[in-house]
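The lines below spell out each chain.
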Amino acid sequence: MTKGYQMPDGFLWGGATAAHQVEGGWQEGGKGLSIADVMRAGSKDVKRVEDPAVLPGQVYPNHWGVEFYTHYKEDIKLFAEMGFKCFRLSIAWTRIFPNGDEATPNEAGLAFYDDVFDTCLAYGIQPIVTLSHFELPLKLVTEYGGFRNRQVVDFFTKFAEVCFRRYHDKVRYWMTFNEINNQTNWHDSHPLLQNSGLVLDDSDNWEEAMFQAAHLELVASAQAVQIAHAIDPNLMVGDMIAMGPIYPLTAKPKDVMMAERAMRYRYYYGDVHALGAYPVWLERYWAKKDIHVDVTDADRAILKAGAVDYVGFSYYNSSVVEFKDDNPDMDYDESVSTVRNPYVPRSDWGWQIDPVGLRYAMNWMQARWHKPMFIVENGFGAYDKVEADGSVHDDYRIDYLSDHVLQMEKAVVEDGCDLIGYTPWSAIDIVSASTGEMKKRYGLIFVDANDEGEGSFARSRKDSFYWYQKVIQSNGEIL
Ligand code: BG6
């Protein structure tokens, strides 16, 4: 047992999920096809393939998730047993607008989330909602080209408005785009599709396409902030940044400078979201690289007026870069600039484990963005073993979470960081977003299902469930 610090009164302890990773029910209640519905299963060595449609004979693990669509009452009851004060989930866009471009929303989809939220509220659990968590309607990709098309901004803001109007008295905290900055790594098509619905071909300037789509998402997000405030000034709309500090490999000045370049490149999205304007360096970078992004005066006004109310972020790991002679301009490209950190361990999936990096990152964000923060994801993907009696002794997950929560508490109590809450990833086992695996487990609650979707889907409490229950009961003191 580790001794932690008590968190301020009203601190929102909870857990997180995303619709496509837990719900299943991919054709229930009038739901349309999302990009997650056409992603095949992969593994840590095999990338997920995105199909243009659901193809016969292929395995699409998001079609079943962990069947939250039919198990949500039981799941929320278990969250209440853990003591959750809040539960982060996403609304599947395709339950509300099945193709994304309909004139009117789908009532069955809206009613589903009414019931999910009411169930939470009956237990005193606040729903925390992400609007777009890697779940774009497929039609917006195949027929509209994703967020490189301004019409998709309108579809998104309409979706956001429908949700704010319907749920504003049930949901106070919202986020617009999950891990918007994950598409920074433009060499990998997967995050581009997940984030902004981009499918690139050889004629595309990859970096330009990414900046353009991200720009329109930033505009859509800023518009959503304004719509929410007009509907209900009590609503808090945040961004959602994938945060992992990037360290220099050594104290060589060029390594240090390289890390600074990497940080500004990877986190400019947060600058725009929180400060309402593009950083000067980025517009110079575009000019130098002959990158053309259509940023209108009207867009700039929207960005300025739509700064987020808080910074939601995920934290899993940190990374390290080193200066290389063949990159004298110190441009950041995750796939070539990043090297292994010799000072931290790694998970079975190669993710570097660095709890201190969480405290470092919180201080960095507080000083840069001056906003309240919300840790909406933090967790450990690992193989779990079910014992003969059904128990799961996931002490490795408890160690990971305990070490991170302690650093979070130091950031709040010792450093004065302003933190709204903490929702570890994940409240319950989910289908991994990057690999499509079930066996890369994150949950505090075990779900009896394998990578092929076979199993009883019965829920059981892992050791981490009981550990987290004590954390919440002691308001963070018993870790
Ligand atoms: C974040 C996502 O990238 O990390 C989640 O917001 C995801 O959707 C989580 O599940 C862990 O990543 P992965 O790829 O291991 O599932």
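Nothing here was measured: the structure is a model prediction, and the numbers come from that model. (Residues numbered from 1 in each chain as written. Predicted model: local features only at pLDDT ≥ 70, side-chain atom pairs only at ≥ 80, totals over all residues. Heavy atoms only, no water.)

(A) How the structure looks around the pattern of salt bridges. Across all of its chains, the model carries 34 salt bridges by this definition. In this structure, the salt-bridge partner of arginine 359 is glutamate 414, at a minimum N-O distance of 3.3 Å. Taken as a pair, arginine 359 in helix 13 (residues 355–369) and glutamate 414 in the loop between helix 14 (395–413) and strand 11 (419–422) lie far apart in primary sequence, 55 residues in all. Residue classification places arginine 359 among the partly exposed residues on the basis of a relative accessible area of 21%. When its relative accessible area of 45% is taken as the criterion, glutamate 414 is described as partly exposed. (Salt bridge = Lys/Arg side-chain N within 4 Å of Asp/Glu carboxyl O. Helix = DSSP H or I, 4+ residues; strand = E, 2+ residues; numbered from the N terminus. Buried < 20%, exposed > 50% of the residue type's maximum accessible area, 1.4 Å probe, protein only.)

(B) Just the sheet that holds strand 4 (residues 173–177), in detail. An order of 1-2-3-4-5-7-10-11 is seen for the eight strands of this closed barrel, with the pairing classed as parallel. When strand polarity is set aside, the average angle formed by the axes of neighbouring strands in this sheet is 30°. As judged from the two bridges shared by strand 1 (residues 12–16) and strand 11, these two strands associate in the parallel manner. Counted as the bridge partner of leucine 12 is glycine 421 from strand 11. Set on the sheet, helix 14 makes contact with strand 1, strand 7 (310–315), strand 10 (373–377) and strand 11; between it and strand 11 the angle comes to about 170°. (Pairing = 2+ DSSP bridges. Axes fitted to C-alpha atoms, helices over the stretch in contact; angles between N-to-C directions. Contact = heavy atoms within 4.5 Å.)

(C) Seen up close, the packing of helix 14 against helix 15 (residues 463–473). Here helix 14 crosses helix 15 at 25°, and the two axes come no closer than 9 Å. Considered as vectors, helix 14 and helix 15 are oriented roughly parallel to each other. In this structure, helix 14 meets helix 15 at a crossing whose hand is right-handed. Of helix 15, the residues touching helix 14 (which contributes Arg397, Ile398, Leu401, Ser402 and Val405) are Asp463, Ser464 and Trp467. The class makeup of the residues in the contact of helix 14 with helix 15 is four nonpolar, two polar and two charged. (Parallel < 35°, antiparallel > 145°, perpendicular 65-115°, else oblique. Left-handed = near helix turned anticlockwise from the far one by under 90°. Nonpolar A, V, L, I, M, F, W, Y, C, P; charged D, E, K, R; others polar.)

(D) Spotlight on the site of the ligand. Near the ligand you find 14 residues, and of these Glu179, Glu377, Ser434, Lys440 and Tyr442 are the closest. Note that an oxygen atom of the ligand is positioned 2.7 Å from one of the backbone N or O atoms of alanine 433. When the residues that make up the shell around the ligand are grouped by side-chain class, the tally is six nonpolar, five polar and three charged. (Near = heavy atom within 4 Å. Polar contact = N/O pair within 3.5 Å; in protein donor to acceptor, adjacent residues only side chain to side chain.)

(E) Here's a closer look at the environment of leucine 140. As for its placement among the helices and strands, leucine 140 is situated in helix 5 (residues 138–142). The contacts of leucine 140, once residues within four sequence positions are left out, are Trp93, Asn99, Gly100, Asp101, Gly145, Gly146, Val152 and Phe155.

(F) Structural detail: the sheet that holds strand 6 (residues 246–248). Taken in spatial order, the three strands line up as 6-8-9 in an open sheet, and their pairing is mixed. Of all the strands in the sheet, just strand 6 and strand 9 (338–339) have a single pairing partner and so form its edges. Pairing of strand 6 with strand 8 (residues 319–321) involves three bridges; the strand directions are parallel. Within strand 8, the position partnered with isoleucine 246 by the bridge is serine 319. Where helix 9 (residues 253–275) meets the sheet, it contacts strand 6 and strand 8, and its direction lies at approximately 165° from that of strand 6.

(G) View of the environment of isoleucine 398. Here isoleucine 398 is to be found in helix 14. Taking the C-alpha atoms as reference, isoleucine 398 lies 31 Å from threonine 184; in sequence the two are 214 residues apart. Those residues in contact with isoleucine 398 that sit more than four places away from it in its chain are Asp463, Ser464 and Trp467.

(H) Main features of the packing of helix 2 (residues 68–82) against helix 4 (residues 107–122). The geometry of helix 2 relative to helix 4 is characterised by a closest axis approach of 9 Å and an angle of 15° between their N-to-C directions. Considering the angle they form, helix 2 stands roughly parallel to helix 4. Relative to helix 4, helix 2 is oriented so that their crossing is left-handed. Contacts from Phe68, Tyr69, Tyr72, Lys73 and Ile76 in helix 2 reach Phe112, Asp115, Val116, Thr119 and Cys120 in helix 4. Classifying every residue of the contact of helix 2 with helix 4 by side-chain character gives seven nonpolar, one polar and two charged.

(I) Examining the nonpolar core more closely. By size, the foremost hydrophobic cluster in this structure holds 147 residues, and its most contacted members are Phe164, Trp174, Met362 and Met408. The greatest single-element share of this core, amounting to 15 residues, is contributed by helix 8 (residues 206–231). Not counting the four nearest positions on each side in its chain, methionine 362 is found in contact with Phe313, Met373, Ile375, Met408, Ala411, Val412, Cys417 and Leu419. Within the second largest apolar cluster, 11 residues are counted, among which are Leu12, Ile128, Met240 and Ile420. (Core = buried A, V, L, I, M, F, W, Y, C linked by side-chain atoms within 4.5 Å.)

(J) A look at the packing of aromatic side chains. Under the counting rule described, the total for this entry stands at 43 aromatic pairs. With 5.8 Å between their ring centres and 80° between their planes, tyrosine 247 and tyrosine 360 make a pair best called edge-to-face. Linking tyrosine 247 in strand 6 with tyrosine 360 in helix 13, this pair joins segments that are 113 residues apart in sequence. In this structure, arginine 95 packs its charged tip against the face of phenylalanine 112, placed 5.4 Å from the ring centre. The ring of phenylalanine 465 has arginine 461 lying over it, and the distance from NZ or CZ to the ring centre is 5.6 Å. (Phe/Tyr/Trp six-rings, centres within 6.5 Å; stacked < 30°, edge-to-face > 60°. Lys NZ or Arg CZ within 6 Å of the ring centre and 35° of its normal.)

(K) Quick peek at the side chain of histidine 63. As for its placement among the helices and strands, histidine 63 is situated in the loop between helix 1 (19–22) and helix 2. For histidine 63, a relative accessible area of 10% translates into the label buried. There is a polar contact of 2.8 Å between the side chain of histidine 63 and the backbone oxygen of aspartate 37. Setting aside residues no more than four positions away along its own chain, histidine 63 makes contact with Gly24, Gly25, Trp26, Asp37 and Val54.

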